[in-house]
Amino acid sequence: MAILKILHYPDKRLHTVAAPVAQVDNAIRRLIDDMGETMYAAPGIGLAATQVNVHKQIIVIDVSESGSRLQTFINPQITASEGQAEREEGCLSVPGIFDTVTRAAKVTVQALDRDGNPFTLDAEGLLAVCIQHEIDHLHGKVFVDYLSRLKQTRIKTRLLKHLRETM
Ligand code: NI
């Protein structure tokens, strides 16, 4: 397994729209393993392939207390959503920035698992938020895009400054 490099906002590649996975093969499973390792090492609770500059519809999530329940969603689609919930979000691609985003409280998601088998999952709470956040990444959207223009500009300035300082 390998730890992959995570793209940081405002990298334009984060706005790439991911393509569906045509076949779940060993190469895809290797990528999923690497994404899991990268997410745990960061550490984070969710990672989309977009964030490691692979533009395929794959996300990994682990919202368990123990950090030992990796969930994989390939070609995920939200088929139903309900209610509204506000939660403070962060993102491995936007280090050090946290802000409140309003999303659906409950979602139903259809996807393929790491063996290519279709499944349907009803999610609420943190898992529901995480699924919506990660699917956004596959559509080229970062949570910062939900914030005001002023906040977006501030975040860009701060992260670009940080980037220059660490180069
Ligand atoms: Ni994110």
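Just above sits the structure.
One structure accompanies this document, and this report is about it. (Residues numbered from 1 in each chain as written. Predicted model: local features only at pLDDT ≥ 70, side-chain atom pairs only at ≥ 80, totals over all residues. Heavy atoms only, no water.)

What about the pattern of salt bridges?
1) Next: Tallying each qualifying case throughout the model produces six salt bridges.
2) Next: Between Arg-103 and Glu-89 there is a salt bridge whose closest N-O contact spans 2.7 Å. Taken together, the residues Arg-103 in strand 5 (residues 99-103) and Glu-89 in strand 4 (residues 85-89) connect sequence positions 14 residues apart. Like Glu-89, Arg-103 is buried.
3) Next: When the shortest N-O distance is used, the salt bridge between Lys-151 and Asp-99 registers 3.0 Å. Of the two residues, Lys-151 sits in helix 3 (residues 149-166) while Asp-99 sits in strand 5, which places them 52 residues apart along the sequence.
4) Next: What you see here is one network of salt bridges that share partners, running through Glu-89, Arg-103 and Asp-136. (Salt bridge = Lys/Arg side-chain N within 4 Å of Asp/Glu carboxyl O. Helix = DSSP H or I, 4+ residues; strand = E, 2+ residues; numbered from the N terminus. Buried < 20%, exposed > 50% of the residue type's maximum accessible area, 1.4 Å probe, protein only.)

As for the layout of surface pockets
1) Next: Size it by volume and the largest pocket reaches roughly 340 Å³.
2) Next: Considering the residues around the largest pocket, the lining is formed by 21 residues, among which Ile-45, Glu-89, Gly-90, Cys-91 and His-133 are closest to the centre.
3) Next: Elements with a minimum of two residues in the lining of the largest pocket: strand 4 and helix 2 (125-138).
4) Next: The dominant element in the lining of the largest pocket, judged by the number of residues it contributes, is helix 2, at five residues.
5) Next: Considering only residue class, the lining of the largest pocket consists of 11 nonpolar, six polar and four charged. (1 Å grid on protein atoms, 1.4 Å probe; cavity = no way out; pocket = protein on both sides within 12 Å on 5 of 7 lines; lining within 4 Å. Points joined across faces, edges and corners; volume = space filled by probe spheres on them. Nonpolar A, V, L, I, M, F, W, Y, C, P; charged D, E, K, R; others polar.)

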